[in-house]
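Structural features, examined
The residues making up each chain are set out below.
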Amino acid sequence: MAPPWLDVLDETIHACAARGRRDLVRLLEDRRTRLLDPRLRVLVVGTRKQGKSQLVNAIVNAPACVVGDETGTTVPTVVQHAEKPSAVLVSGRADRTPVPVDEVGALALRRPVGGAAHLEVGLPRTLLRSGLVLVDMPPLDGAAEPGYAEAGLDGADAVLMVSDARREITRTELDFLVRAGRSCPQVLVVLTKIDLSQDWRRTAQRNREHLAEAGLPAHVLPVSADLRLRAAKTDDRALNAESGFAELVACLQQYAATKAERIAPHTAAAVTTRVLESLAEPLLAQRSAAAGQLEDLQRSLERLRRQSARWQNGLADDIADLASDVEYDLRDRTRRIIRTVDEFFDTADPAEVWDAFAPWLEENLRNAAEANFGWLVERSHWIAARIARDLAAYRADVLPDSTFWMPDQVFDSMSELERPSFGHFSLAQKLFTGLRGSYGGVVMFGLLTSLAGLPLINVVSIGAGAAFGEGGGTAAHRGLLPQVQQGVPGRGPAGAPGAARPLQRPARTAPGRAGRGGARRPAPVRRRRAPTGVRGPPAAVPPGPAGERAGAAGHRGVSERMRTNHGLSAPVPHDGGERSEVPS
């Protein structure tokens, strides 16, 4: 039964193949082969002059790698088990060329020609027989090609970083360990040359702190290669223990023994994670781009919301002002008509002038309504143009022509003005009033003429009675006239003080206009110019104040005026023009 990590690798290989990533497929297949290999491949890396090659020689207790050169190793040297000492040069084309063992040092210092190459050195050592393979890599800051060490990570099971005990670990070494940990979780930091530094314990502690800050779970093992090689020559066990190599060798043997159970699953997980991140990079880039677009859209939406709230608040304020101003204007026009009616019927008899008065009143009320409506349309166009200028996409040509017109037959449904009851005398009332007045005249003048010897009823007493009867009827009619005048539609009580007093509009509190401390302050009310008057009353009586002409043409030309007035102040109420006399 295959281990679970192998199934994960196989599924990841299929996913990469399905997405056309042949490079990742080759990487995973090579790593799969390496993980199934029972040998433990340890990559030995470090910068120049850190004792890296000497460390490999001390581990295997043989001069497998060249030491002491200023430039360092330029060709990777693979040290593995063999029944007898041997050396093979492997070129980039997988050509294997046996070379003498004594020429290994010269080949390791030579720059490879014709592609990548490495040396394979075989030694008959018990430690290597357990499956340990050591790869001495060129220095990280040496003369080898850039990326040489990173390329070797794909085939490594563990990484052994070599650092001099006389200094703390460098940023170059830390950066490489971070990259190595993504492909190979098993990382060791070997502190060499502790025999040359008295302060190596402090350096080891500082290195552990640097590794912890970088998030690297690496062990720090202080060793001395010179003490190890000297102990091997003299077979000094105490000196060998002092060199620190016993702990290092034990750690390497444990890695080799637990590769299948512990190292392979961790390495497979790390490699799979890196490959999945590579597969997800295009999606992450798309998500980042989409997130950027989403942020831009959210900012645009927020800007539009603020703009919408701003124009809605402005529109609400303007509509509130418009409703108040239109109501004020219409009330002012109708009250002027009522004042003219009051002045007119202070002297006129409704019974005599009604036939001419009714058409005059109806026409003036209609003209007042039309003028008020025309001002409403003009003010509405002004509000629309002002609000539109605050919008980002405003253009003068996008405002539609208004359809806010008064219907042609809007006044046809109005009921006719009802003729009031004038309360005229009947024939019997006139006869009774005349007889009552003539009786007093006949009696009074009859008694006076009786002193002259004339009878009670004579020519003089009859004439006086007729004169008294006529005067009584006239007086009765004059007493009834004020009641008849008060019955005229639209006329207020006689002498009402509010009928002739100028209309005063109280201050209003406009929404959205707040004063200090959050309290709302009254909005300043602009007093409109009042109309100069109404049309003259019927010609049968002396005319009233100067008239106003504001007919249907007052609102028909609104759109033409507004096209030239978008940048002007708000329109004012229409004022009067021509006079018109209503024939009697």
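Residues numbered from 1 in each chain as written. Predicted model: local features only at pLDDT ≥ 70, side-chain atom pairs only at ≥ 80, totals over all residues. Heavy atoms only, no water.

1. Focus: the sheet that holds strand β6 (residues 132–136)
Condition: By definition, two strands form a pair when at least two bridges between them are found by DSSP. A helix here means a DSSP run of H or I that spans at least four residues, while a strand means a run of E at least two residues long, and both kinds are numbered starting from the N terminus. Axis lines are fitted to C-alpha atoms, over the contacting stretch for helices. Their N-to-C directions set the angle, which ranges from 0 to 180 degrees. Whether two residues touch is decided by their heavy atoms; if any such pair falls within 4.5 Å, the residues are in contact.
A sheet is described by the order of its strands in space; here 9 strands give the open sequence β4-β3-β5-β2-β6-β1-β7-β8-β9, paired in mixed fashion. Edge positions in the sheet fall to β4 (96–98) and β9 (219–222), since each of these pairs with one other strand and no more. Across the sheet, the mean angle separating the axes of adjacent strands is 25 degrees when strand polarity is ignored. Taken together, the 3 bridges between strand β2 (residues 77–81) and β6 define a ladder with antiparallel strand orientation. Across the sheet, the residue bridging to Val-78 is Val-135, located in β6. Most of the contacts of helix α11 (residues 245–257) go to strand β8 (residues 187–192), to which it runs at about 165 degrees, and overall it touches β1 (40–45), β6, β7 (158–164), β8 and β9.

2. Focus on the environment of Leu-239
For the record, the criterion: Burial classes follow relative accessibility: with a 1.4 Å probe on protein chains only, a residue under 20% of its type's maximum area counts as buried, one over 50% as exposed, and anything between as partly exposed.
Counting through the fold element by element, Leu-239 comes out in helix α10 (residues 237–243). For Leu-239, a relative accessible area of 14% translates into the label buried. Along the chain, Leu-239 and Leu-229 lie 10 residues apart, while their C-alpha atoms are 9.7 Å from each other. Excluding residues within four positions of it along the chain, Leu-239 makes contact with Leu-227, Arg-230 and Ala-231.

3. Some remarks on the confidence of the model for the protein
Note the cut-off: On a scale of 0 to 100, pLDDT captures the predictor's confidence in every residue.
Residues with a pLDDT of 70 or more make up 65% of the protein, whose mean pLDDT is 74. When the criterion is pLDDT under 50, residues 493–570 qualifies, and its contacts beyond four places in sequence or with other chains add up to 175 contacts.

4. Describing unusual backbone geometry
In this structure, Lys-49 takes a positive phi of about 60 degrees despite not being glycine. Inspection of the secondary structure puts Lys-49 in the loop between β1 and α3 (52–60). Note on Lys-49: relative accessible area 45%, which makes it partly exposed. For Lys-193, which is not glycine, the phi torsion reads 60 degrees and is therefore positive.

5. Let's talk about the environment of His-81
The condition that has to hold: In the analysis that follows, any N or O atom pair within 3.5 Å is treated as a polar contact, provided that within protein one partner can donate a hydrogen and the other can accept it, and provided that, for residues neighboring in sequence, both atoms belong to side chains.
Turning to its location among the elements, His-81 is positioned in strand β2. Judged by relative accessible area, which is 24%, His-81 ranks as partly exposed. For the pair His-81 and Gly-131, spaced 50 residues apart in sequence, the C-alpha separation works out to 7.7 Å. With residues up to four places along the chain from it excluded, the contact list for His-81 reads Leu-123, Pro-124, Arg-125, Leu-128 and Arg-129. Only 3.5 Å separates the side chain of His-81 from the side chain of Arg-129, close enough to count as a polar contact.

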